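Observations on the model geometry
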Amino acid sequence: MNKYDILEEKLIAINAYIDTMHLENNATMEYLKQYKDYVNKLIIAIQNRTIRNSNGAMMGLIRGISDYDELCADDAFWRLVTDADNYYRNECQLF
C-alpha cells in the first residue's frame, strides 16, 4: 500500500467514527459537520493526488478539535485524529 492509500484509510476511519458519535452539545455537533467536510476535502485531494507534501507540517486535524472539550475527551476519536495527523507529518513529507 502506498502513502496515499494509507492516509486515505486513516481519514475514512475518522469519517466513519464521526458517523457513530452522539454528542450532547448542538454547537459541537454543527462544528463536527464542518470538520467532516474538511476531512472529505482532504480525501478528495488524496484521490486526485493533489494533496501537498507535508514538509513536516500537520493537516490541522488535531488543531481542528482542540477547542472542543467534548471532542478531545473522546479517546478513540483523539487517537484516530492524532494518528492521521502524525502519519501525514512524518511519512508524507514527500509523496
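Right, let's walk through the structure included here. Just so we're clear, the structure is a prediction, and the values are computed from it rather than from any experiment.

1. Looking at the packing of helix H1 (residues 3–20) against helix H2 (residues 26–47)
- Where H1 contacts H2, the two axes come as close as 10 Å, and the packing angle between them is 160°. Looking at the two axes, H1 sits roughly antiparallel to H2. You can see that H1 and H2 cross each other, and the crossing is left-handed. Between H1 and H2, the residues in contact are Tyr4, Leu7, Glu8, Leu11, Ile12, Ile14, Asn15, Ile18 and Asp19 and Leu32, Tyr35, Lys36, Val39, Asn40, Leu42, Ile43, Ile46 and Gln47, respectively.
- When grouped by side-chain class, the residues that make up the contact of H1 with H2 number 12 nonpolar, 3 polar and 3 charged.

2. Considerations on H2
- Over its 22 residues, H2 runs 32 Å from end to end, which matches the ideal 32 Å to within 8%, given 1.5 Å per residue.
- What H2 keeps buried is the set Thr28, Tyr31, Leu32, Tyr35, Val39, Leu42, Ile43, Ala45 and Ile46. For H2, the arc enclosing every buried residue in end-on projection is 155°, short of the 170-degree limit, so these residues lie on one face. For H2, the exposed residues lying more than 90 degrees away from the buried face are Asn26, Lys33 and Lys41.
- Contact partners of the buried residues in H2: H1, helix H3 (61–65), helix H4 (69–72) and helix H5 (75–91).
- Looking at where H2 begins, the residue whose side-chain oxygen comes 2.7 Å from the main-chain nitrogen of alanine 27 is asparagine 25.

Procedures and definitions
Residues numbered from 1 in each chain as written. Predicted model: local features only at pLDDT ≥ 70, side-chain atom pairs only at ≥ 80, totals over all residues. Heavy atoms only, no water. Axes fitted to C-alpha atoms, helices over the stretch in contact; angles between N-to-C directions. Helix = DSSP H or I, 4+ residues; strand = E, 2+ residues; numbered from the N terminus. Parallel < 35°, antiparallel > 145°, perpendicular 65-115°, else oblique. Left-handed = near helix turned anticlockwise from the far one by under 90°. Contact = heavy atoms within 4.5 Å. Nonpolar A, V, L, I, M, F, W, Y, C, P; charged D, E, K, R; others polar. Expected span 1.5 Å × (residues − 1). Buried < 20%, exposed > 50% of the residue type's maximum accessible area, 1.4 Å probe, protein only. Arc of directions from axis to C-beta. Polar contact = N/O pair within 3.5 Å; in protein donor to acceptor, adjacent residues only side chain to side chain.

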